[in-house]
Amino acid sequence: MYTPEERVRRDSSKWTLVQGLLAPVQFLIFGVSLYLVLDYLNTGRNYEWAVWSVVVKTMALYTIMITGAIWEKVVFGQYLFHESFFWEDVFSMLVIVLHSLYLFGLFTGIADEGVLFATALAAYLAYVINAAQFIWKLRQARLSAPAVVQPVAADDSADAPLAIARAA
């Protein structure tokens, strides 16, 4: 997935940390918003909270997409659609389109609440699928990472296989 040079750029980039922090924050925002939307749909209460929670989720999405594109530029030399993350980026575009349609419908007033919340739920389903893609990719990257062999002191030579196994 990563060349040795890409791995070094990935590991030394501040954007890797930014992505690592933004992803769980966005997921937390998603969870709260999903709860508020479903609660509104079930009870009819807290319409404003539900509506604006989707707006906040969308802003978090835009933020992580912009910083993610910068991360791809730093690591791979192009902003999006590098072969290593091509399909994740393609699906991310669907997620962005659905969230943007929600905002368009909300701020232009052309969509009633049923359409708005159906769009939000479709956007959230796409987001969950996209998040799963990235989690899978992260797992693949960890599994494909070269094993780090810890140096073993001369007097610990009997434990060498154990030390190597722990390092892997």
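Look above for the structure.
Residues numbered from 1 in each chain as written. Predicted model: local features only at pLDDT ≥ 70, side-chain atom pairs only at ≥ 80, totals over all residues. Heavy atoms only, no water.

A word on the overall build of the protein
Then comes step 1: Helix and strand counts for the protein come out as six helices and zero strands.
Then comes step 2: Listed N to C, the secondary structure of the protein is α-α-α-α-α-α in terms of helices and strands.
Then comes step 3: The buried share among the 168 residues of the protein stands at 36%.
Then comes step 4: A separation threshold of at least 6 residues defines the contact pool for the protein, and within that pool the share at least 24 residues apart is 69%.
Then comes step 5: For the protein, the exposed surface amounts to about 10200 Å²; the carbon and sulfur share of it is 69%. (Helix = DSSP H or I, 4+ residues; strand = E, 2+ residues; numbered from the N terminus. Buried < 20%, exposed > 50% of the residue type's maximum accessible area, 1.4 Å probe, protein only. Contact = heavy atoms within 4.5 Å. Areas by Shrake-Rupley, 256 points an atom, 1.4 Å probe, with all protein chains shown as cover.)

Quick notes on the packing of aromatic side chains
Then comes step 1: Per the counting criterion, the structure on display carries eleven aromatic pairs.
Then comes step 2: Ring geometry for Trp71 against Phe76: centres 5.8 Å apart, planes inclined by 85°, an arrangement best described as edge-to-face.
Then comes step 3: Overall, the relative accessible area of 10% leaves Trp71 in the buried class.
Then comes step 4: Judged by its relative accessible area of 9%, Phe76 is buried.
Then comes step 5: Three or more aromatic residues joined by ring pairs make a cluster, and in this case those are Phe27, Phe30, Tyr124 and Tyr127.
Then comes step 6: Across from the ring centre of Tyr127, 3.9 Å away, lies the NZ or CZ of Lys57, which sits over that ring. (Phe/Tyr/Trp six-rings, centres within 6.5 Å; stacked < 30°, edge-to-face > 60°. Lys NZ or Arg CZ within 6 Å of the ring centre and 35° of its normal.)

Some thoughts on the pattern of salt bridges
Then comes step 1: With the rule as written, the count across this model stands at two salt bridges.
Then comes step 2: Residue Asp11 pairs with Arg10 through a salt bridge whose shortest N-O separation is 2.7 Å.
Then comes step 3: Under the relative-accessibility criterion, Asp11 is labelled exposed at 53%.
Then comes step 4: The salt bridge involving Arg45 is made with Asp39; its shortest N-O contact spans 3.9 Å. (Salt bridge = Lys/Arg side-chain N within 4 Å of Asp/Glu carboxyl O.)

Side note on the nonpolar core
Then comes step 1: Ranked by internal contacts, the top residues of the largest apolar core, which has 25 residues, are Ala50, Val54, Leu61, Tyr102, Leu106 and Phe117.
Then comes step 2: Counting five residues, the second largest nonpolar core, distinct from the first, contains Trp71, Val75, Phe76 and Phe85. (Core = buried A, V, L, I, M, F, W, Y, C linked by side-chain atoms within 4.5 Å.)

Examining the environment of Glu83
Then comes step 1: Its location among the elements puts Glu83 in the loop between helix H3 (47-76) and helix H4 (86-108).
Then comes step 2: Taking the C-alpha atoms as reference points, Glu83 and Met1, separated by 82 residues in sequence, lie 9.0 Å from one another.

Looking at helix H2 (residues 14-43)
Then comes step 1: For H2, spanning 30 residues, the distance from its first C-alpha to its last is 43 Å, which sits close to the expected 44 Å at 1.5 Å a residue.
Then comes step 2: Taken together, the buried positions of H2 are Gln19, Gln26, Phe30, Ser33, Leu36, Val37, Asp39 and Tyr40.
Then comes step 3: One or two steps after H2, the chain reaches Gly44, where phi turns positive at roughly 80°. (Expected span 1.5 Å × (residues − 1).)

Digging into the environment of Tyr102
Then comes step 1: With respect to the helices and strands, the residue Tyr102 is situated in helix H4.
Then comes step 2: Distance in space between the C-alpha atoms of Tyr102 and Phe117 is 8.0 Å, their sequence separation being 15 residues.
Then comes step 3: Setting aside residues up to four positions removed in sequence, Tyr102 forms contacts with Ala50, Val51, Val54, Val55, Leu116, Thr119 and Ala120.

Looking at the packing of H3 against H4
Then comes step 1: Interhelical geometry of H3 versus H4 gives an angle of 145° and a closest axis separation of 10 Å. Handedness of the H3/H4 crossing: left-handed. Here H3 contributes Ala50, Val51, Trp52, Val54, Val55, Lys57, Thr58, Met59, Leu61, Tyr62, Met65 and Glu72 to the contact with H4, which in turn contributes Asp89, Ser92, Met93, Val95, Ile96, His99, Ser100, Tyr102, Leu103, Leu106 and Phe107.
Then comes step 2: Here the residues of the contact of H3 with H4 sort into 16 nonpolar, four polar and three charged. (Axes fitted to C-alpha atoms, helices over the stretch in contact; angles between N-to-C directions. Left-handed = near helix turned anticlockwise from the far one by under 90°. Nonpolar A, V, L, I, M, F, W, Y, C, P; charged D, E, K, R; others polar.)

Nothing here speaks to function; it is all geometry.
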